[in-house]
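Summary of structural features
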Amino acid sequence: VALVGLDVHRPAAMDQLEQIAKKVKVPVFLDKEEKDPARIYKDNEPELKKFDIIIIDTAGRDALSEDLVQELKELNSTIRPVENLLVISADIGQAAESQAQKFHDTCGVTGVIATKMDGTAKAGGALSACAVTEAPIKFIGTGENIGDIEPFNPEGFVGRLLGMGDIEALLEKAKGAISEEEAEDLSKRFLKGDFTLIDLYNQMLAMKKMGPLNKVMEMIPGMSQMKIPKEVLQVQEGKLEVWRHIMDSMTKEELEDPEKISASRIDRIAKGSGTKPSEVRALMKQYRQAKKLTKMMKGKGKNMEKMMQKMQKGQIKMK
Ligand SMILES: Nc1nc2c(ncn2[C@@H]2O[C@H](COP(=O)(O)OP(=O)(O)OP(=O)(O)O)[C@@H](O)[C@H]2O)c(=O)[nH]1
Ligand SMILES: [Mg+2]
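Residues numbered from 1 in each chain as written. Chains lettered and ligands numbered in written order. Predicted model: local features only at pLDDT ≥ 70, side-chain atom pairs only at ≥ 80, totals over all residues. Heavy atoms only, no water.

Some points on the overall build of the chain
Along its length, the chain carries 16 helices and 7 strands. Looking at the chain as a whole, 41% of its 319 residues are labelled buried. Look at the contacts in the chain between residues 6 or more apart in sequence, and 68% of them connect residues 24 or more apart. (Helix = DSSP H or I, 4+ residues; strand = E, 2+ residues; numbered from the N terminus. Buried < 20%, exposed > 50% of the residue type's maximum accessible area, 1.4 Å probe, protein only. Contact = heavy atoms within 4.5 Å.)

Following this line, the structure appears as structure tokens:
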């Protein structure tokens, strides 16, 4: 795979592409001086023949000027790409329709990428873009990092559109983060309503592997509308380490039934673990919040149960 930078209009575009290429360790071809994008492509064409997939970044404005239309037409006939992907931000709404139509008339859109799906906007505009171009959504963007781009999954998309969350994507993530036995054990306890400090720790460990918890929550039906305390959603670096020390200084009884931990016990635990009493109390607070959350999830009954069962059976398919 190689990247090619042909956005000669926005000054920082080439630098940004360079940074991304470096991050994902793929070669990038660009020219920061050259003002003619077709020239940049032609100059690198012999070298580009060595790659299987070439991703080209072209300029795109909200309002397509006549110059840009000409530029895209020329590039389209010079490069003759296999796919022309139109990136539509979820928050542009119905303006997407006329924009998509213009791009389609200019170079024939073969696919749509709907970005900023992590915001409150639901990408209705991306659907309009699909309607006028008759091209499918191929990927969705859910954040600013490289890993935040996902292959499009229609059920998940419609689910998000309707505020139902994206179970498939969640299961996909969950599968990578915890083993089947762990999932089974956790889900049984979850549904029974038992929830110990050790569960909290294991959950946080798994969640950390799955990525930011608020993203995970967005994918669970009904959860995106719930008010979840911010602290519950943050698994800060280093925090798990501190927790482990604190928990090492607790008795088995305390771990299993944290409600037994009194103020004097908190002092003892802090001393024993070389932490501050405030840190022990913070852990306790998080435990109580997570326990409450567990109860809420339990209340969500069927969906959660179904998800957990799927998770156990490893019925997780890539679309
Ligand atoms: N939150 C969020 N931010 C995104 C997403 N996709 C892109 N961004 C951010 O949006 C900003 C603009 O992204 P670009 O990739 O430069 O957008 P562009 O469409 O190429 O813009 P031009 O090159 O100016 O036409 C950057 O700061 C990205 O990090 C997404 O899915 N979610
Ligand atoms: Mg760009």
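Still more to cover.
Observations regarding the pattern of salt bridges
A full pass over the atoms with the stated rule returns 11 salt bridges. The partner of Lys 260 in a salt bridge is Glu 253, with the nearest N and O atoms 3.8 Å apart. On the basis of relative accessibility, which here comes to 39%, the residue Lys 260 falls in the partly exposed class. According to the relative accessible area criterion, Glu 253 is partly exposed, its value standing at 39%. Residues Arg 265 and Glu 254 are paired through a salt bridge, measuring 3.1 Å at the closest nitrogen-oxygen approach. Of this pair, Arg 265 sits in helix α14 (residues 263-273) while Glu 254 sits in helix α13 (residues 252-256), and the two are 11 residues apart along the sequence. One salt-bridge network, held together by shared partners, links Asp 15, Glu 18 and Lys 32. (Salt bridge = Lys/Arg side-chain N within 4 Å of Asp/Glu carboxyl O.)

Considerations on the side chain of Glu 71
Mapped onto the secondary structure, Glu 71 falls in helix α3 (residues 66-79). The buried category is assigned to Glu 71, whose relative accessible area is 11%. Polar side-chain contacts of Glu 71 include one of 2.5 Å to the side chain of His 9. Ignoring anything within four residues of it in the chain, the contact list for Glu 71 reads Leu 6, His 9, Pro 37 and Ala 59. (Polar contact = N/O pair within 3.5 Å; in protein donor to acceptor, adjacent residues only side chain to side chain.)

Let's talk about the sheet that holds strand β6 (residues 137-141)
Spatial strand order, β4-β5-β6-β7: 4 strands in an open sheet with mixed pairing. Two strands in the sheet have a free side with no partner beyond their single neighbour: β4 (85-89) and β7 (149-151). The average angle at which neighbouring strand axes cross in this sheet is 25°, direction not considered. When β6 meets β7, the two strands line up antiparallel, connected through 3 bridges. Paired with Phe 139 across the strands is Pro 151, a residue of β7. Contacts from helix α5 (residues 124-133) reach β4, β5 (111-115) and β6, with the element oriented near 175° to β5. (Pairing = 2+ DSSP bridges. Axes fitted to C-alpha atoms, helices over the stretch in contact; angles between N-to-C directions.)

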